Amino acid sequence: MDASALFKFSSGLYVVSADPGAGERAAACLVNTGLQVTSAPLQVSVTVNKENFTCGAIECAGHFSLAVVDESADMLFVGRFGFRTSADFDKYDGIASGVASTGDPYPAEHVCSYVACNVVQTVDVGTHLTFVGEVVDAGNLSGVPPMTYAYYHTTLKGKTPPKASSYVAGIS
């Protein structure tokens, strides 16, 4: 089997964030698994590795924001959200950000839009959890085209980290 065939699935890059409140730090991570699933009610899903600090924050909070990374993002931005843990690093410290009506932060630069959702269903898919959220807030932030996962790999020369849902050992 050639698992690299899955690399041809079209997807983008997204920053998913949740603020569990109660004095806990807001968590965020970079994923390529954002997807609109229905239009009435308007729902999106996001899939997050169970080992990611952000996964626990979403479970605790019961809501999340999902921001669409655009082509203005560089590897410093990708690295901030994709290659560090929120357990010991405040990913929003020192960068422009907004707060959705759910109380969840989102980056205000290098993203072209965001949605904020209340979790309505959680599905255990093995190493990851898929959160289905009903959209309660949304906004457009720039006219810059969204970054596709193909753009990330070909233009930015980005690699797929082991916790990514699209990671296949030996193939990046």
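Only a predicted model underlies this, so the values are computations on that prediction, with no experimental measurement involved.

Visitor: When you look at the side chain of S86 in this model, what are you seeing that I'm missing?
Guide: Residue position: S86 is located in the loop between α2 (75-82) and β6 (97-99). A relative accessible area of 2% places S86 in the buried class. When near neighbours in sequence (up to four residues on either side) are disregarded, S86 contacts R25, A26, A27, A28, F53, T54 and K91.

Visitor: Which parts of the structure should I look at to understand the packing of aromatic side chains?
Guide: When we look at a pair of aromatic rings, we describe it by the centre distance and by the angle of the planes. Within the structure shown, the criterion is met by three aromatic pairs. Pairing F81 with Y92 gives two aromatic rings, centres 5.5 Å apart and planes at 65°, and the pair type is edge-to-face. Highlighted residues: F81 in helix α2 and Y92 in the loop between α2 and β6, separated in sequence by 11 residues. Among the residues examined, F81 registers a relative accessible area of 1% and is labelled buried. We classify Y92 as buried; its relative accessible area is 10%. Ring geometry for Y106 and Y114: centres 4.0 Å apart, planes at 10°, overall stacked. Y106 sits in the buried class, given a relative accessible area of 10%. Put simply, the rings of F77, F81 and Y92 touch in pairs and so form one group of aromatic residues. It is R84 that lies over the ring of F89; its NZ or CZ is 3.6 Å from the centre.

Visitor: For this particular structure, what's the right way to read the environment of M147?
Guide: Summarising the element assignment, M147 is placed in the loop between β9 (128-140) and α3 (149-154). C-alpha separation for the pair M147 and T122, spaced 25 residues apart in sequence, amounts to 26 Å. What M147 contacts, discounting residues up to four positions off in sequence, is G12, L13, V69, D70, E71, A73, Y152 and L156.

What counts and what doesn't
In this numbering scheme, every chain counts its residues from 1 along its sequence in written order. Per-residue local features are limited, in this predicted model, to residues with pLDDT of at least 70; the limit for side-chain atom pairs, both in listing and counting, is 80 or more; totals at the level of whole chains, interfaces and linings are taken over all residues. Water and hydrogen atoms play no part in the side-chain values, which are based on all heavy atoms of the structure. Strands are runs of DSSP state E lasting at least two residues, helices are runs of H or I lasting at least four, and both sets are numbered from the N terminus onward. The buried label applies to any residue whose accessible area, calculated with a 1.4 Å probe on protein chains only, is under 20% of its type's maximum; exposed applies above 50%, and partly exposed to all values in between. Contacts between residues were defined by any pair of non-hydrogen atoms, one from each residue, lying within 4.5 Å. Between 30 and 60 degrees the pair is tilted, below 30 it is stacked and above 60 it is edge-to-face, where a pair is any two Phe, Tyr or Trp rings, Trp via its six-membered ring, whose centres lie within 6.5 Å. A ring is considered to have a charge above it if a Lys NZ or an Arg CZ atom is located within 6 Å of its centre and within 35 degrees of its normal.

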